[in-house]
Amino acid sequence: MQPLFPDLHLEEFPERVHRYPQLRFMGSKYRLLPWIWDVLGRLDFDAALDACCGSGCVAYLLKAMGKAVTANDFLNFSATIARATTENPGGRLTATDLESLLAYDPRHQRFIERTFNGIFFSPGDLRFLDRTWWNIRKLKDPYKQAIAIAALVRSCVKRQPRGVFTVAGDPEHYKDGRRDLQLSLREHFSEQVGVYNDAAFDNGRLNRVVRGDVFELDPSGYDLVYIDPPYVPRSDDNCYIKRYHFLEGLSCYWEHEAVLETSRVKKLKKRYTPFSYRSAAPAAFDRLFSMFSQSIIVLSYSSNGFPNLEVLVDCLKRYKTRVTVHRKNHRYHFGTHQAAVRNQVTEYLIVGQ
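Since the model is a prediction, treat every value here as computed from it, not as a measurement.

1. Considering the pairing of strand E4 (residues 224–227)
- What you see with E4 is no split at all: Leu-224 and Tyr-226 on one side and Val-225 and Ile-227 on the other are buried throughout.
- Two elements, strand E1 (residues 47–50) and E4, share three bridges in a ladder whose sense is parallel. By the bridge assignment, Asp-50 is partnered in E4 with Tyr-226.

Have a look at this one:
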C-alpha cells in the first residue's frame, strides 16, 4: 500500500495520525499534516487551542503530539467529529452497540426521508439515516454518540459523488464504478464505525471540544493557538453551510435548524462570519491576534486568500515581537469530477511569538 505521506520520515511523525479518518472538506489540511507537525514541533507549548477545527485533523495531530487540546468550531458536525476523535479518551462502539444502531424500531421518525426525497440519496438510504438517528438517541455515552454521528457524516460524504451538497439530482446518476458509490449508506456506516473506533485513543491529557463563535471563547490558558479561519477566496465564496448543510443538519437531526423550504436542496440559513467579507476580514484578523496575544499564534493561510500575506504579517507584528513565515507549495483537489477546481497555491504558517 502506498503510504499516506510519502515524503515523511515515519519514525519521527506520530504513527497515530495515520488512523485519522480523512474527510473531503474544503480547505482540509490533512495532506499538510507532516509540514504542520514539523513547524509545531519547533515550538515550546503544552496546552493548545485549534480555534477553527474544521475537519478536525490538526486538533487530532496536536493530541497525537501529547498536547492538552481544545478544539472549537461554529459548525456542529465539525465539533462532533472532534468530540469523537480529539476529546474522546478512548471510548468505542461495541459490536452490540452497532447491532442496536442497525436495528429496526417502528417508532422512528421520518424527517429525512420526507424532506430529502429524491435529492441526494435513495429512499432506502434516507430511511436508514432516520432509523439510525432514532437509535443513536438511545446511546447514553456521549463519545459513543459522537462516533456514531461522525460515522454517519463520513458515510454521507463518501456516498456523495462530489462530497458537497449543493446540487439536487437523481441519486443514481453519478454511479461510475467507484466503490464508495456502490455501497449503501448502511454498508458505509458499518465500515466507518470501525474506522472511528480505530482512531479513538487516550493521550493521558484532558482534551475538550467547544462549539461556538471563535470570538466568544475564553482566550486564557493556551500556550499556543492554531487558527485556520474560512478566509475570503479570490473567487466563489467560503460558505461551509452552503456546501455542507446536509451534514450540519444530520449532526443534530435538524434540531433548532430551520430548513429553507424554497431551496431546491433544502439548505440551512447562512451564518454570518466576518471572514467571508473583504470589508470585515482585516479587522477580524486584528481582533483575533489581539484576543490571543498572550499565546503563541500560528495562523494557517493561503496565497489565494484576502487579505494578503503582507497585511497579515504587519497586523500580527502589532502584538508579537517575532513573526516567522513558513511556506509550502500545495495543490488542493476539491471534488472528484473532471471539471473539479484544482488550485495551486502557496500555503503559509505564520508564527507569532
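2. Structural notes on the confidence of the model for the protein
- The predicted model of the protein has a mean per-residue pLDDT of 92, with 91% of residues at 70 or higher.
- Overall, residues 335–341 carries pLDDT values under 50, and its contacts beyond four positions in sequence, including any with other chains, amount to twelve contacts.

3. Some thoughts on helix H6 (residues 123–136)
- The terminal C-alpha atoms of H6, which comprises 14 residues, lie 20 Å apart, in line with the 20 Å expected from a rise of 1.5 Å per residue.
- H6 sits mainly inside the fold: ten of its 14 residues count as buried.
- All buried positions along H6 are accounted for by Asp-125, Leu-126, Phe-128, Leu-129, Asp-130, Arg-131, Thr-132, Trp-133, Asn-135 and Ile-136.
- Along its buried surface, H6 packs onto helix H4 (95–101), helix H5 (111–115), helix H7 (142–159), helix H9 (185–199) and helix H10 (240–252).

4. Thoughts on the pattern of salt bridges
- This model, assessed by the stated rule, comprises 21 salt bridges.
- Salt-bridge contacts for Asp-46 lead to Arg-205; the nearest nitrogen and oxygen are separated by 2.7 Å. A residue pair is termed long-range when its members are at least 10 positions apart, and Asp-46 in the loop between helix H1 (33–40) and E1 and Arg-205 in the loop between H9 and strand E3 (208–211) qualify at 159 residues.
- Take Arg-205: its relative accessible area is 30%, and that puts it in the partly exposed class.
- Here the salt bridges share partners, and the residues they tie into one network are Arg-211, Glu-248, Glu-257 and Arg-271.

5. Observations regarding the packing of aromatic side chains
- Following the criterion strictly, the structure yields 28 aromatic pairs and no others.
- Members of the aromatic cluster, each reached through a chain of ring pairs, are Phe-111, Phe-116, Phe-120, Phe-121, Trp-133, Phe-165, Phe-246, Tyr-253 and Trp-254.
- Over the face of the ring belonging to Phe-74 we find Arg-271, whose NZ or CZ atom lies 5.9 Å from the ring centre.

6. Remarks on the pairing of E1
- On E1, burial covers both faces: Ala-47 and Leu-49 on one face and Ala-48 and Asp-50 on the other are all buried.
- Bridge count for E1 against strand E2 (residues 68–73) is four bridges, and the pairing is parallel. Its bridge partner being in E2, Asp-50 is matched across the sheet by Ala-71.
- With helix H2 (residues 57–64) bridging E1 and the parallel E2, this β-α-β connection has right-handed handedness.

Rules and cut-offs
- Residues numbered from 1 in each chain as written.
- Predicted model: local features only at pLDDT ≥ 70, side-chain atom pairs only at ≥ 80, totals over all residues.
- Heavy atoms only, no water.
- Buried < 20%, exposed > 50% of the residue type's maximum accessible area, 1.4 Å probe, protein only.
- Helix = DSSP H or I, 4+ residues; strand = E, 2+ residues; numbered from the N terminus.
- Pairing = 2+ DSSP bridges.
- pLDDT = per-residue confidence, 0-100.
- Contact = heavy atoms within 4.5 Å.
- Expected span 1.5 Å × (residues − 1).
- Salt bridge = Lys/Arg side-chain N within 4 Å of Asp/Glu carboxyl O.
- Phe/Tyr/Trp six-rings, centres within 6.5 Å; stacked < 30°, edge-to-face > 60°.
- Lys NZ or Arg CZ within 6 Å of the ring centre and 35° of its normal.
- Right-handed = clockwise from strand over helix to strand, strands pointing away.

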